[in-house]
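One-letter residues, chain by chain:
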Amino acid sequence: MSARPMERSAATAVWRLRASGGHRDRDRRHPPSREDGDRDTDGKKRGGPRRRRLLPLPEARGAPLVLLYLLGLRALAHVSHRQLLSQPSAAGPRDFNAPRARGYLDNITAIGPRTVGSPENEVLAVNYLLEQIRAIERESTDAHKISIDIQRPTGSFSIDFLGGFTSYYANITNVIVKLEPRNGAEHAVLSNCHFDSVPNTPGASDDAVSCAVMLEILNTLSKSSESLQHAVIFLFNGAEENILQASHGFITQHEWAKSIRAFINLEAAGVGGKELVFQTGPENPWLVQAYVAAAKHPFASVVAQEIFQSGIIPADTDFRIYRDFGNIPGIDLAFIENGYIYHTEYDTSDRILTDSIQRAGDNILAVLKYLATSDKLAKSFEYRHGNVVFFDVLGLFVLAYPARVGTVMNYITAAIAFLYLSKKVLQPKTRAIPNLKKLFTTFGLTLLSWVCALVSVLIVAVFISLIGRSLSWYTHFYVSVFLYGTAAAAKLILVHTLAKKYFYKNMNEQYLGDIFFDASLMIWSVALAVITQMGLCSAFICTLWVAFPLLAKLMTHKEFSQKGATMKFVMMYMLGMFVPYLYMMYLSWTVFEMFTPIMGRSGSEILPDVVLAGFIVVITMILSSYFINFIYLVKSTKTTLIALTTVFVVTLILVCSGIFFPYSSDAANPKPKRVFLQHTSRRFHDLDGNVVKSDAGIWINGFDYNGMSHITPHVPEINDTIRTPCEEQAPFCGLPWILPVHFMFRKNWYLPAPEIFPRNPIHFKVLSKELMPWNSVRLSFEVSGPSHMSLYVRPHEGSTLSTWSLGNGIPVASLGGDYFVFYSHGLQATPWHFWVELTTPEKHSDGIVSLGIAAHYFFGEDQKSPQLYALLERFPNWTFSSGWSCTYDLFIF
């Protein structure tokens, strides 16, 4: 048989990138090209001479090839993340001594939990820091002067975090060190860490390791013979976990704060690993440039910044305080690896690698030295304006450029893409309207396939949640990929396979591949224009997904010879897609590394499977956007669909069977379930001060959607029959919330228990009641009690809380309309005095305001009752159960 008949018997040609987009006009002035002579303008077959064409890509080779390509990129991205931890410093002696910093870390965490107000935090940790700082001072060179100050501020402020509340602090502790040239310095850069921890945890990564790094940086700089141009202020703050109180006390009250022109905040959202720059500014692009120029092992992303500042992550840092109350620009860094044990008893120093400490120390020391010797620090106000686009490239270096430059680049890229698409649509001009209709049809079909995939996968996620198998992937992350990733991919392929079979029947596969590529290009171009118009710096991702695919298409426009042309085309196409796909893999791994652990502490109201499934579908849509055309190029997708469906069905069956237990007590890599237990005594008073109701019990909150379902088999009395009722007449349901997170934890449990009698009970009394002008009443109070207390205020109907002595005087309501005040104090604090002023109606027989006060005992002999101890002992070892005692009183005035 001759070569020509063999070609005619072969399957349809592989898509080839051409300006004509597969269209040909029948007019004699536009004769059809020989290679497409057997197709009409709609891609349908017709007679005519033919020349050699590319062989189609068989599914047996196409699907595995695409899969291997994506898996290879995933592996490369993973290796890049691992490489970030093992990057060695330059050959020769190191400036930063990580082993010595580890010694500081071990000694700080050996003190134990360092809750604000406890002797461990206010005395032992402070004494240790002072001892090390004074030892460093003794060994410093004559080029520097070291000043040490202990600050114990009292103050108050309001914040819109967690729905909004007001904070009051008294006599908390800051340890402050100023390293400056011998003859002094007018300007300074601040480095901030906090040495306090949440109750019942050693707080190694959050934030003892940062304080250890700062001690060693102070030691290194003080021994240098080179004098700095500006001062470096090291703030070891002792009350960050109390929602940023110590940083507020420093920046609003300390005399050294006036000289600060920039800051670096060291935080943690995980245990060790690499530290991510996830916030900068506001504005002040020169700070990012400083990090780019100085950091030895950069890891930064403006995407992380925009995600964090959107508020979808329930966390905040001292960055907010310095920005909002000090009007100072800065850089926010945080360890993000292994967030499963963040704020748990497993956050110990042995889990933080020395390499991780070395890496953080190298980076922060270099950036601090750069800023302390920079002329821009003294004149930072001159470089204030403008945002910056920044992102690291596989941890090797950081690309950063002004946002206005990025805006121009984005619009130019989108314009080129739209120009290219317009040229395709207008060739030939007589077919412009049909061509445009076909492009918008494929555009709509692509969006439809994405919507179908999203809806289908979310239905599966809701089903998994309803049958009680939520978080099956929490310990086994790849379960989520096998369950939701395969379902999303299968649905996408199915929609396009059906479209190919029924809607595009007898159409030229080469033409279909071409136009579906154009549809994906159009989607990304529209997204690029819209996101740029919204002012988001993350639009650079869309630029990658427009520019490189367009280049890939231009690279593959040449027609190859028959022999080996198919694979050559595929390889060149994938090579052109390499950059955006690799970066997306790298970025998505960072996102999953941050968000997956957060799902274990996101509250009882959020369906974590729905959230993660949504993320996976979005990633699948992005990664598939330029491979949809392959569905129209392969002979069949049957094998691929069967394989994906089989993996999905098998995984679904295994998940439904409960084989994938969500939590783990593995000593090397624990992933515990978080449970908070409060042994509570409650008393409700009437208008005359008489107790009309009282009870006592252990109030239980699970930190994830599963609630107590996995605990009940181990502690049968904790079940849905003891769900906590809401006291509707009381603010915040009459429950002793330590923070206003009631909207995140609507499902909780109340196990009856004996009343508790703390040795240090709360004392609450009314000092005065004054009638003010304009039908207002001022109530003044005095409160004394433990280091942590919560105040809840609800004006009655007709009354309005107009002003008070807290914050800036303007009451800030929490979600739901009630008012929340978080109070804490250090050692030897005086009683807390405050007043509230309400406008009232003429008649108020049932009172004008309900006021609740809760006392929380986080340490000492009052922390845990015998009943609480006994209950905690019964919890399984795959839980982190944090318990304390508290009292609650509700008064009506």
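Preceding block: the structure.
Just so it is clear, the model here is predicted, and its values are computed rather than measured.

What counts and what doesn't
- Residues numbered from 1 in each chain as written.
- Predicted model: local features only at pLDDT ≥ 70, side-chain atom pairs only at ≥ 80, totals over all residues.
- Heavy atoms only, no water.
- Pairing = 2+ DSSP bridges.
- Helix = DSSP H or I, 4+ residues; strand = E, 2+ residues; numbered from the N terminus.
- Axes fitted to C-alpha atoms, helices over the stretch in contact; angles between N-to-C directions.
- Contact = heavy atoms within 4.5 Å.
- Patch = residues over 30% accessible without salt bridge, like charges linked within 9 Å, V, L, I, M, F, W, Y side chains within 5 Å.
- Areas by Shrake-Rupley, 256 points an atom, 1.4 Å probe, with all protein chains shown as cover.
- Salt bridge = Lys/Arg side-chain N within 4 Å of Asp/Glu carboxyl O.
- Core = buried A, V, L, I, M, F, W, Y, C linked by side-chain atoms within 4.5 Å.
- Buried < 20%, exposed > 50% of the residue type's maximum accessible area, 1.4 Å probe, protein only.
- Disulfide = S-S within 2.5 Å.
- Phe/Tyr/Trp six-rings, centres within 6.5 Å; stacked < 30°, edge-to-face > 60°.
- Lys NZ or Arg CZ within 6 Å of the ring centre and 35° of its normal.

Across the sheet, which stays open at both edges, the 7 strands sit in the order β1-β4-β6-β5-β7-β9-β8 with mixed pairing between neighbours. Strand pairing shows two members of the sheet lacking a second neighbour, β1 (144–151) and β8 (275–281), which therefore form its edges. Across the sheet, the mean angle separating the axes of adjacent strands is 15 degrees when strand polarity is ignored. Inspection of the sheet shows strand β5 (residues 188–194) paired to strand β6 (residues 231–237) by 7 bridges, in the parallel sense. Within β6, the residue paired with His194 across the bridge is Asn237. Contacting β1, β4 (174–181), β5, β6 and β7 (260–268), helix α6 (residues 245–253) runs over the sheet at an angle of about 145 degrees to β6.

On the surface, Phe418, Val526, Val530, Met534 and Leu536 cluster together into a nonpolar patch covering about 400 Å² of accessible area. Inspection of the secondary structure puts Leu536 in the loop between α15 (509–533) and α16 (540–555).

With that out of the way, let us pick up the nonpolar core. Of all hydrophobic cores here, the largest spans 192 residues; its most connected members are Phe234, Phe236, Tyr484 and Phe540. When neighbours within four sequence positions are excluded, Phe236 is seen to be in contact with Leu129, Ile133, Asn174, Val175, Val177, Cys193, Phe195, Cys211, Met214 and Leu215. By size, the runner-up hydrophobic cluster in this structure holds 50 residues, among which are Leu235, Ile243, Phe250 and Ile251.

What follows is about the state of the cysteines. On inspection of all chains with the given rule, the structure shows 2 disulfides. Put simply, Cys193 and Cys211 are joined by a disulfide, and their sulfur atoms are 2.2 Å apart. Because the torsion about its S-S bond is 105 degrees, the bridge between Cys193 and Cys211 counts as right-handed. Of the two residues, Cys193 is situated in strand β5 and Cys211 in helix α5 (residues 204–222); the sequence distance between them amounts to 18 residues. Across the pair, Cys211 and Cys193 agree in class, each one buried. Sequence-ordered numbering of the bonded cysteines in the chain yields a pairing of 1-2, 3-4.

This brings us to the packing of aromatic side chains. Here the structure, examined in full by the defined rule, presents 50 aromatic pairs. Within the aromatic cluster, the residues linked to one another by ring pairs are Tyr168, Phe764, Phe781, Tyr823, Trp832, Phe834, Phe891 and Phe893. Between the NZ or CZ atom of Lys693 and the centre of the ring of Phe684, over which it lies, the distance is 5.5 Å. The ring centre of Trp835 lies 3.7 Å from the NZ or CZ of Arg778, which sits over that ring.

Let us now look at the pattern of salt bridges. If charged atoms from side chains of opposite charge come close, those side chains can pair. Here the structure, examined in full by the defined rule, presents 25 salt bridges. With its nearest N and O atoms 2.3 Å apart, the salt bridge here joins Lys693 to Glu727. Of this pair, Lys693 sits in strand β13 (residues 691–702) while Glu727 sits in the loop between β13 and β14 (749–752), and the two are 34 residues apart along the sequence. What makes Glu727 buried here is its relative accessible area of 10%. With a shortest N-O distance of 3.9 Å, Asp720 and Arg723 are connected by a salt bridge.

Just distances and angles here, no functional claims.
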